[in-house]
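Residue-level listing of the chains:
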Amino acid sequence: QVQLVESGGGLVQAGGSLRLSCAASGRTFSTDGMAWFRQAPGKEREFVAATNWSAGRTYSGKVADSVKGRFTISRVSDNTLSLQMKSLNPEDTAVYYCAAKKGVAAASPSPYDYWGQGTQVTVSS
């Protein structure tokens, strides 16, 4: 089993920044693909960004077009994934989830084996 714990969410004004973290523990060697998804009320879970542990800390990963240029995914330590978010707008308001899977990362939520409990991000206008 792999446990994922997100942190760093909160309330921020439009134009502001937040940094989310995802701490992984347990059998992390069994996973490689890591990703962030988000889900706003009444909407489906949406891909935000993804990377692979094996790609190393300098790999920039892949991000959704809706957040490209504003969000950055990175591996900050052996077991910690981060999502740096800048120029936030109210449309970014959602619960943000960290996810892990065996093999390469994917942009769809269905292949992911492990999920964190989520952290709320609220952007006020």
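For every chain, the first residue of the written sequence is number 1, and numbering continues from 1 along that sequence. Only residues with pLDDT of at least 70 are given local features in this predicted model, and only at 80 or more are side-chain atom pairs given and counted; all residues enter the totals for whole chains, interfaces and linings. Calculated side-chain values reflect all of the structure's heavy atoms, with hydrogen atoms and water omitted.

Colleague: So what's going on with the pattern of salt bridges? Residues and values would help.
Modeller: When a carboxyl oxygen of Asp or Glu is within 4 Å of a side-chain nitrogen of Lys or Arg, the pair counts as a salt bridge. What the rule picks out here adds up to five salt bridges. Here E46 makes a salt bridge to R38, at a shortest N to O gap of 2.8 Å. Throughout, exposure labels follow a simple rule: accessible area from a 1.4 Å probe, protein chains only, divided by the maximum for the residue type, with under 20% read as buried, over 50% as exposed, and the rest as partly exposed. We classify E46 as partly exposed; its relative accessible area is 33%. Relative accessible area serves as the criterion here: at 7%, R38 is assigned to the buried category. One salt bridge in this structure joins R38 and D92, with 2.9 Å as the shortest N-O distance. A residue pair is termed long-range when its members are at least 10 positions apart, and R38 in strand 4 (residues 33-39) and D92 in the loop between strand 8 (80-85) and strand 9 (94-101) qualify at 54 residues. Considered together, R38 and D92 belong to a single accessibility category, that of buried residues. Secondary structure counts use DSSP, requiring at least four H or I residues in a row for a helix and at least two E residues in a row for a strand, with both numbered from the N terminus.

Colleague: An account of the environment of S87 is needed here, citing residue identities and associated values.
Modeller: Relative to the assigned elements, S87 resides in the loop between strand 8 and strand 9. Distance in space between the C-alpha atoms of S87 and R70 is 6.2 Å, their sequence separation being 17 residues. Throughout, a residue-residue contact means that at least one pair of heavy atoms, one from each residue, lies within 4.5 Å. Once residues within four sequence positions are removed from consideration, S87 is found in contact with G15, G16, S17, R70 and D92.

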